[in-house]
Amino acid sequence: MLTSLLQSLDLKSILLFLVIFLLIADYIKNRRPAKYPPGPLALPFVGNLFNIDSKQQHIYFTKLAEVYGNIYALRLGQDEVVFVTGYKMVKEALVGQAETFEDRPSSPVANRVYQGDGGLFPSSGHKWRRHRRFTLTTLKNFGLGKKTLENAICQECRYLQEEMESQKGDPFDPKDLLNNAVSNIICQMVFSRRYDYTDDTFKKIIHMMTEAIYLEGTLWGQLYEAFPAIMKYLPGRHNDIFKDYENISAFIRKEVERHKDNFDLENPRDYIDAYITEMKSGSCNPADGFDETGLVLNSLDLFIAGTETTSTTLLWALLLLIKNPDVQEKVQAEIDHVVGQSRQPSMDDRANMPYTNAVIHEIQRIGNIVPLNGPHMATKDTTLGGYFIPKGTALMPMLTSVLFDKSEWETPEEFNPGHFLDSEGKFRRRDAFMPFSAGKRVCLGEQLARMELFLFFVSLFQKFRFSTQEGVELSLQGDVGVTHSPFPFKIFAHTR
Ligand code: HEM
C-alpha cells in the first residue's frame, strides 16, 4: 500500500512529505515538559545556534538572563542546554544539589577526542570518581601543598626572570614564555621533566593546545557539537581541533613509552609512574578504567588544564597592572616590604600580603578565564529555582554571571582590588569568588593554580616594572574560546 502511494507521488510531493515529517519529528523530540525553564523561540533543526554572538558569547548569555530570568533554556542544534545564572542559583545547582549535577553531558567533540568515556574532564560516574580521587592523591604525593613543589615553582620563576631580562628592555609578547613556564610545573608532576623556552617542538605543542581550546569554544566547535554526523565530512576549522588533540596525544604517548622503558616499581617518579603502578597493582577492576588509554587521556587533561588557564591569568595580571600603574606600585611596595629584593617569595608570605592577595583575586575575577564553565548534567529528574529539570538535561552554571553578579560585587565591571579588602586593609574572602567553579566538579587543580599564581605573580613584579608601548591602549575585551584571553600585546620588562 505504501509502495503504491509513493509511486503515485512525484518528487516534489515526496520532498514536501519528508520535510513535514522531519518538522513534526523535530517538534515532538524537542517538546518541553511542563514547568520547564523559559527561553527564546528556537528554529527547527538548528535551534538557537545562530542567534548567538559567537565573538562574545558569555555576554550574550548573560544578557538573556535579563530577559528570561536566572534559569533559561537554549536549544543548540539538536540538544537543549539549561543556563543557570547569578551566584545564588549557581551555588544552589553546584553545591546545594551537588550530586544531582555532578555528571558531564555527552559531547561529540569529547567523544571523538577521548574515544568514549575516558579522561578526567569529560567522564562521569564510577570511573570519573575513581580517577579523580586517584589523581588528587597522586598530585599530593608528588608535592602539591609541599615545599618540594614550591621550590620547583621558584626555580621556574628564576628561569622566567632570566628569559625576560634577556629581552634587554625591548618589547616582547609574553604569551609563549608564560605558557612554557607554567606548563613546566605540571610537566614536572606528570612527566618529571621541563622544557626549555627555546624548545621548538614543545612550542608547537603549546600552540596546538591554545588553538584547540580556542576553536572548541567558537562556532566551529559548536557546529560540530550540534551536527557531528555532517560536520565530520565537511571542511572547516573544526577539523583542526581533532588534528591538534591527536598531535598532543601522540606527544604524551611518547612520554608514556619513555616511562615504560625505565619503569621502577620501587621508585615512582611522577603521575605516569603512579598510574602504571596502579594498573599493575591488581587492585582495580576493569570498571575502574585504569588502562593505557586512560593514562594518556588523564595526562592530556592535566597537561592542558594545568597550562592554559593559569598562564592566561598571568597574562591578564600583566595587562591589568600595566593599565593600572597605581596598583602595580602598591603591589611592589608590599613585595619590597614583606619579601624584599634579596630572596624569593614563599607561600608563607601570602598571609602577610593582603593587598597582593586581593589584587590576584581581583585579576581572576575580572579576567574571567573560564567564562561559561564546564558543562554539567542532571543525573535524575529535579527542580531548580521552581523549574523542572529532567534527567539527562545539560546544565551550564555560568561563571561570568557569578563573577559579575550585581548583587554580590560593589563595582562588578571595574577592576577594584577593594572587593577583597576590609576597611582595615585585611584580606577578605568573598563567597561569589568562583573562578574555579564549585561542588563535586570544582577545578581539580585549584590548589596548584593558587600556588603558581602567587609565586609567579610576586616573582615577576618583584623583579620588573612592566609597561607597554607608548600610545597603545590595551583592551579588556579579550578573545573568547573555551577560555577568555587577552588579545596579543607587547610589554617592556624594566629591571627594578
Ligand atoms: C587559574 C587557573 C584555573 C582555573 C581558573 C580553572 C578553572 C576550572 C573550571 C572552571 C573547571 C570546571 C569546573 C566545573 O565543571 O564545574 C575546571 C576543571 C578542571 N581543572 Fe581547572 N582551572 C585552573 C587551573 C587548573 C590546573 C593548574 C589544573 C591541573 C591540575 C586543572 C585541572 C582541572 C581538571 C582536571 C578539571 C576537571 C575536573 C573534573 O571534571 O572533575 N585546572 N577548572
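Read on for an overview of the structure.

A few words now on the overall build of the protein chain. The helix and strand tally for the protein chain stands at 19 helices and 10 strands. Over its C-alpha trace the protein chain gives a radius of gyration of 24 Å, about what one expects of a compact globule, namely 23 Å for 496 residues. Expressed as a percentage of the 496 residues in the protein chain, the buried residues total 54%. Within the protein chain, contacts between residues separated by at least 24 positions form 74% of all contacts whose residues are at least 6 apart in sequence.

With respect to topology, 4 strands assemble into an open sheet ordered β1-β2-β6-β3, the strand pairing being mixed. Sheet topology places β1 (71-76) and β3 (376-377) at the edges, where each strand pairs with a single neighbour. Two elements, β3 and strand β6 (residues 394-397), share 2 bridges in a ladder whose sense is antiparallel. Bridge pairing links M377 to A394 in β6. Against the sheet, helix α4 (residues 87-96) makes contact with β1, β2 (79-84), β3 and β6, and its axis sits at roughly 130 degrees relative to β6, the strand it touches most.

Right, let's get into the side chain of E408. Secondary-structure assignment places E408 in the loop between α18 (400-403) and α19 (446-463). Residues within four places of E408 in sequence aside, it is in contact with Y87, K88, R430 and A432.

A few words on the coordination of the iron atom of the ligand. For the iron atom of the ligand, the protein supplies a single donor, C443 (SG), at a distance of 2.3 Å. Checked against the element boundaries, C443 lands in the loop between α18 and α19.

Here we come to the side chain of N357. By the secondary structure assignment, N357 is in helix α17 (residues 354-367). Judged by relative accessible area, N357 falls into the buried class, the value being 11%. For N357, the residues in contact, after removing those within four places along its chain, are R350 and F427.

To continue, consider the nonpolar core. Grouped together as the largest cluster of nonpolar side chains are 142 residues, with contacts concentrated most on F303, L321, F457 and F466. Among all residues touching L321, those that are not within four sequence positions of it are V327, Q328, V331, V359, I363, F415, F457 and F461.

Let us now look at the environment of T313. Inspection of the secondary structure puts T313 in helix α15 (residues 308-323). Those residues in contact with T313 that sit more than four places away from it in its chain are I363, Q364, I369 and L453. Of the polar contacts made by the side chain of T313, one reaches the backbone oxygen of T309; its length is 2.8 Å.

Among the 6 residues in β2, 5 count as buried, and that is most of the element. Linking β1 to β2, which pair antiparallel, is a turn of 2 residues; within it G77 sits at a positive phi near 70 degrees. By the bridge criterion, 4 bridges tie β2 to β6 in an arrangement that is parallel. What sits directly across from V84, in β6, is P397.

There is a patch of nonpolar side chains on the surface, built from L11, L15, F17, L18, F21, L22 and F45 and spanning about 720 Å² of accessible area. For L18, the position within the fold is in helix α2 (residues 11-29).

Among the 6 residues that make up β1, 6 are buried, leaving the element largely enclosed by the rest of the structure. Covered by surrounding structure in β1 are I71, A73 and R75 together with Y72, L74 and L76, the residues of both alternating faces. As defined by bridge partners, β1 adjoins β2 across 6 bridges and the pair is classed as antiparallel. If you follow A73 over to β2, its bridge partner there is V82.

Let us now look at the packing of aromatic side chains. Scanning the model with the defined rule gives 22 aromatic pairs in all. Look at F202 and F303: their rings are 6.1 Å apart centre to centre, the planes differ by 50 degrees, and that puts the pair in the tilted class. On the criterion of sequence distance, the pair formed by F202 in helix α9 (residues 200-216) and F303 in helix α14 (residues 292-305) is long-range, its members being 101 residues apart. Take F202 and F303: they sit in the same class, and that class is buried. Joined through ring pairs, the aromatic side chains of F191, Y195, F202, F251 and F303 make up one cluster.

Attention now goes to α15. An ideal rise of 1.5 Å per residue puts 22 Å on 16 residues; α15 measures up with 22 Å between its terminal C-alpha atoms. Among the 16 residues in α15, 14 count as buried, and that is most of the element.

This paragraph deals with the site of the ligand. Near the ligand there are 26 residues, and of these R104, R132, H376, S437 and C443 occur at the shortest range. Within the side chain of R441, an N or O atom sits 2.8 Å from an oxygen atom of the ligand. Among the secondary structure elements, those contributing two or more residues to the shell around the ligand are α6 (125-141), α14 and α15. Among the elements that make up the shell around the ligand, the one with the highest residue count is α15 (3 residues). Taken together, the residues of the shell around the ligand sort by class into 13 nonpolar, 10 polar and 3 charged.

Cut-offs used in this document
Residues numbered from 1 in each chain as written. Predicted model: local features only at pLDDT ≥ 70, side-chain atom pairs only at ≥ 80, totals over all residues. Heavy atoms only, no water. Helix = DSSP H or I, 4+ residues; strand = E, 2+ residues; numbered from the N terminus. Rg over C-alpha atoms; globule rule 2.2 N^0.38 Å. Buried < 20%, exposed > 50% of the residue type's maximum accessible area, 1.4 Å probe, protein only. Contact = heavy atoms within 4.5 Å. Pairing = 2+ DSSP bridges. Axes fitted to C-alpha atoms, helices over the stretch in contact; angles between N-to-C directions. Donors = N, O, S within 2.8 Å, 3.2 Å for Na, K, Ca; no water. Core = buried A, V, L, I, M, F, W, Y, C linked by side-chain atoms within 4.5 Å. Polar contact = N/O pair within 3.5 Å; in protein donor to acceptor, adjacent residues only side chain to side chain. Patch = residues over 30% accessible without salt bridge, like charges linked within 9 Å, V, L, I, M, F, W, Y side chains within 5 Å. Areas by Shrake-Rupley, 256 points an atom, 1.4 Å probe, with all protein chains shown as cover. Salt bridge = Lys/Arg side-chain N within 4 Å of Asp/Glu carboxyl O. Phe/Tyr/Trp six-rings, centres within 6.5 Å; stacked < 30°, edge-to-face > 60°. Expected span 1.5 Å × (residues − 1). Near = heavy atom within 4 Å. Nonpolar A, V, L, I, M, F, W, Y, C, P; charged D, E, K, R; others polar.

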